[in-house]
Amino acid sequence: MNWNFLKTEIEPGDFLIDCRSQSAYEEETLEGAYYYPFIKKAFGSDPESQKKLYGPMASVVQEFQKSKKTRIIVFDEGMGMFSTRMVYLLRGMGIKDAYVLGQKWPVEGKKAKGDLKMEPPVADKAKPIEGVVDKAFMERNLTKLQIFDARTMDEYEGRLPRLTAPEEGTLCGRLPGAFLWDWRNLYDGEANLIERSIFKKRLNGFPFMPERPTVIYDYNGARSCLLALMLREAGYIDVTTYQGSWFEWRKSNLPKQAVAVFGAKQGAQAAAPRVGGVDRKKV
């Protein structure tokens, strides 16, 4: 795997973060690994929500700096949405030596029961995290942006409000003008990230330009971070993620496409899908 944000080995001076489930962490993790529950939560992008995200992220950075360790290695079941989200946000907080572990659990190393679960406080005042935009930015620039939707086809076409545990009565749909890149297509048949050359070839199937501002969203801001890391390494200059994602946008009065209410009898009023890459020929 030739991605710079991946590291395949763990070194003695690494600060470890486990992004698997809390039960898996408590049962067995790499010795000394921390667990931060907030990384799995959905956040809006209003000022109060920004405090709820910025406070924990600042605490992770502070704990890392206090440890005097040289880099951060984040792992989950295997290069998934929560480890990449943590790394993306850490880099946005200025920690450039933050990497995803390019292995699938269980990984080699001394194991222990997880006992470093951290519940960081909400910040009194939030500061911007580089590479993350809010709803106000999206509203101002909606027609100027290249937008990727990193959810699944069912979510994108308005059949599901979210991939896991969808609730009846929840609004389905997508942001106007968004192109679908199902985040599952970033992996090969063995659940490893696809090679950079394959990714760039698929990227050529989208009518996007590397120099134009590109925003990625999903349901809760997690899946989009993997695509953002890959786009940056593929030469895209201005890549950001929309923190609120569909979790926030669906509750607003802002324009939407493929709108439907999950569980209602009427079908989705779907606009024509806008997809690219490997999915383009299927539509």
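About the thresholds
Residues numbered from 1 in each chain as written. Predicted model: local features only at pLDDT ≥ 70, side-chain atom pairs only at ≥ 80, totals over all residues. Heavy atoms only, no water. UniProt positions renumbered as here; feature names shortened; annotations may be inferred. Helix = DSSP H or I, 4+ residues; strand = E, 2+ residues; numbered from the N terminus. Pairing = 2+ DSSP bridges. Expected span 1.5 Å × (residues − 1). Buried < 20%, exposed > 50% of the residue type's maximum accessible area, 1.4 Å probe, protein only. Disulfide = S-S within 2.5 Å. Contact = heavy atoms within 4.5 Å. Axes fitted to C-alpha atoms, helices over the stretch in contact; angles between N-to-C directions.

Under an unreviewed UniProt entry, the name given to the protein is Thiosulfate sulfurtransferase, and the source organism is Leptospira levettii.

Student: It is not clear to me how the UniProt feature "domain: Rhodanese" (unreviewed entry) in the protein should be interpreted in this structure. Could you clarify?
Tutor: In this structure's numbering, the residues bearing the UniProt feature "domain: Rhodanese" (unreviewed entry) are residues 10-108 and 141-258. Counted over residues 10-108, helix gives 39% and strand 16%. Its end C-alpha atoms are 9 Å apart. Between the end C-alpha atoms of residues 141-258 the distance is 21 Å, and the span holds 25% helix and 17% strand.

Student: Even after reading the chapter, I still don't get the sheet that holds strand E7 (residues 132-133), so can you show me in this structure?
Tutor: Sheet strands pair via backbone hydrogen bonds, and the direction of the pair is either parallel or antiparallel. The strand order across the open sheet formed by 5 strands is E7-E12-E11-E8-E10, and the pairing between neighbours is parallel. Each edge of the open sheet carries a strand with a single partner, namely E7 and strand E10 (179-180). Where strand E8 (residues 146-149) and E10 come together, 2 bridges link them in parallel fashion. Within E10, the residue paired with Asp 149 across the bridge is Leu 180.

Student: How should I be thinking about helix H3 (residues 81-92) in this particular structure?
Tutor: Turn by turn, an α-helix covers 3.6 residues, leaving residues three or four places apart pointing in a common direction. Between its terminal C-alpha atoms H3 stretches 16 Å, which fits the 16 Å expected from 12 residues at 1.5 Å a residue. The element H3 is extensively covered by neighbouring structure, given that 12 of its 12 residues are classed as buried. Turning to H3, its buried residues are Met 81, Phe 82, Ser 83, Thr 84, Arg 85, Met 86, Val 87, Tyr 88, Leu 89, Leu 90, Arg 91 and Gly 92. Once H3 ends, the next one or two residues include Gly 94, with phi positive near 100°.

Student: Is there a simple way to explain the state of the cysteines in this structure?
Tutor: Such a bond, covalent and formed between the sulfur atoms of two cysteines, is termed a disulfide. Tallied over the entire structure, the rule returns 0 disulfides. The cysteine Cys 19 is free of any disulfide, with Cys 225 supplying the nearest cysteine sulfur at 11 Å. On the basis of relative accessibility, which here comes to 2%, the residue Cys 19 falls in the buried class.

Student: Is there a simple way to think about the sheet that holds strand E5 (residues 98-101) in this case?
Tutor: Reading across the sheet, the 4 strands line up as E1-E5-E4-E2 and stay open at both edges, with parallel pairing between neighbours. Each edge of the open sheet carries a strand with a single partner, namely strand E1 (6-7) and strand E2 (14-18). The strands touched by helix H2 (residues 47-67) are E2 and strand E4 (71-75); relative to E2, the strand with the most contacts, the crossing angle is about 150°. Seen against the sheet, H3 touches E2, E4 and E5 and runs at an angle of roughly 170° to E5.

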